[in-house]
Amino acid sequence: MKLKELQTIDQNIIKFLAEHRGIDRAVKGKILAQALDIDFRTLQSRIEYLHKQGCAIGSIDNGYFIPTNEDERRAGIIKKQRTGIAINNAVNGYTLAELDWIDQLFEEVDY
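Conventions we followed
Residues numbered from 1 in each chain as written. Predicted model: local features only at pLDDT ≥ 70, side-chain atom pairs only at ≥ 80, totals over all residues. Heavy atoms only, no water. Helix = DSSP H or I, 4+ residues; strand = E, 2+ residues; numbered from the N terminus. Rg over C-alpha atoms; globule rule 2.2 N^0.38 Å. Patch = residues over 30% accessible without salt bridge, like charges linked within 9 Å, V, L, I, M, F, W, Y side chains within 5 Å. Areas by Shrake-Rupley, 256 points an atom, 1.4 Å probe, with all protein chains shown as cover. Salt bridge = Lys/Arg side-chain N within 4 Å of Asp/Glu carboxyl O. Buried < 20%, exposed > 50% of the residue type's maximum accessible area, 1.4 Å probe, protein only. 1 Å grid on protein atoms, 1.4 Å probe; cavity = no way out; pocket = protein on both sides within 12 Å on 5 of 7 lines; lining within 4 Å. Points joined across faces, edges and corners; volume = space filled by probe spheres on them. Phe/Tyr/Trp six-rings, centres within 6.5 Å; stacked < 30°, edge-to-face > 60°. Lys NZ or Arg CZ within 6 Å of the ring centre and 35° of its normal. Axes fitted to C-alpha atoms, helices over the stretch in contact; angles between N-to-C directions. Parallel < 35°, antiparallel > 145°, perpendicular 65-115°, else oblique. Contact = heavy atoms within 4.5 Å. Nonpolar A, V, L, I, M, F, W, Y, C, P; charged D, E, K, R; others polar. Core = buried A, V, L, I, M, F, W, Y, C linked by side-chain atoms within 4.5 Å.

Novice: Hey, could you run me through the overall build of the chain in this one?
Specialist: A tally of helices and strands in the chain yields 5 helices and 2 strands. Going from N to C terminus, the chain has its helices and strands arranged as α-α-α-β-β-α-α. Over its C-alpha atoms the chain spans a radius of gyration of 19 Å, topping by over 25% the 13 Å that the globule rule assigns to 111 residues. Its C-alpha atoms put the chain at 60 × 30 × 25 Å along the principal axes.

Following this line, the structure appears as structure tokens:
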């Protein structure tokens, strides 16, 4: 894959992140989205697409970065794994919840 083969928005994300190599140079997602004049959800979606294309773009609480070594790559992977676990827990809770859970909660309350 070559940069010119990507959509302009994806090219712009990669060009911006090229200046943020290393976990200590991570850029907040909101700042990156503002700089590219896109909304944050679009940014997240495009980065997800770039991951699928083989781009190692790390994300931690401090923002997005290009990992420069295995420790930085691992930090980004661990963050994604934790997010995945949290999403899985939410899906399980939602799936297993009784549809009248809210009514059950209020039945127990004496006003």
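So much for the structure itself; the text now carries on.
Novice: I'm lost on a nonpolar patch on the surface in this one. Help?
Specialist: There is a patch of nonpolar side chains on the surface, built from Trp-101, Ile-102, Leu-105 and Phe-106 and spanning about 400 Å² of accessible area. In this structure, Ile-102 sits in helix H5 (residues 101-107). Classification of Ile-102 by relative accessible area gives partly exposed; the value is 35%.

Novice: What exactly am I supposed to notice about the layout of surface pockets here?
Specialist: To find leftover empty space, one rolls a probe the size of a water molecule over the atoms. Looking at the largest pocket, its volume works out to about 330 Å³. The wall of the largest pocket is formed by 15 residues, among which Phe-40, Gln-44, Ser-59, Tyr-64 and Lys-80 lie closest to the centre. Listed by contribution, the elements that provide at least two residues to the lining of the largest pocket are helix H3 (40-52), strand E1 (58-60), strand E2 (63-65) and helix H4 (70-96). Looking at which element gives the most residues to the lining of the largest pocket, the answer is H3, with 5 residues.

Novice: How do you make sense of the packing of aromatic side chains when you look at a structure like this?
Specialist: What describes a pair of aromatic rings is the distance from one ring centre to the other and the angle between the planes of the rings. Taken as a whole, this structure holds 0 aromatic pairs when the rule is applied. One cation-aromatic arrangement involves Arg-46 over Tyr-49; the distance from NZ or CZ to the ring centre is 4.6 Å.

Novice: Even after reading the chapter, I still don't get the packing of helix H1 (residues 8-17) against H3, so can you show me in this structure?
Specialist: Between two packed helices, the angle of one axis relative to the other and the distance separating the axes together describe the packing. Where H1 meets H3, the closest approach of the two axes is 10 Å, and the angle between their N-to-C directions is 85 degrees. Judged on the interaxial angle alone, H3 and H1 are roughly perpendicular. Across the interface between the two elements, Ile-9, Asp-10, Ile-13 and Ile-14 from H1 touch Thr-42, Leu-43, Arg-46, Ile-47, Tyr-49 and Leu-50 from H3. Among the residues making up the contact of H1 with H3, the classes are represented as 7 nonpolar, 1 polar and 2 charged.

Novice: What exactly am I supposed to notice about the nonpolar core here?
Specialist: Among soluble globular proteins, nonpolar side chains are generally buried collectively. Grouped together as the largest cluster of nonpolar side chains are 13 residues, with contacts concentrated most on Ile-13, Leu-17, Leu-32, Leu-43, Ile-57 and Tyr-64. If you list the elements that add at least two residues to this core, you get H1, helix H2 (29-36) and H3. Among residues more than four places away in sequence, those in contact with Ile-13 are Leu-36, Leu-43, Arg-46, Ile-47 and Leu-50.

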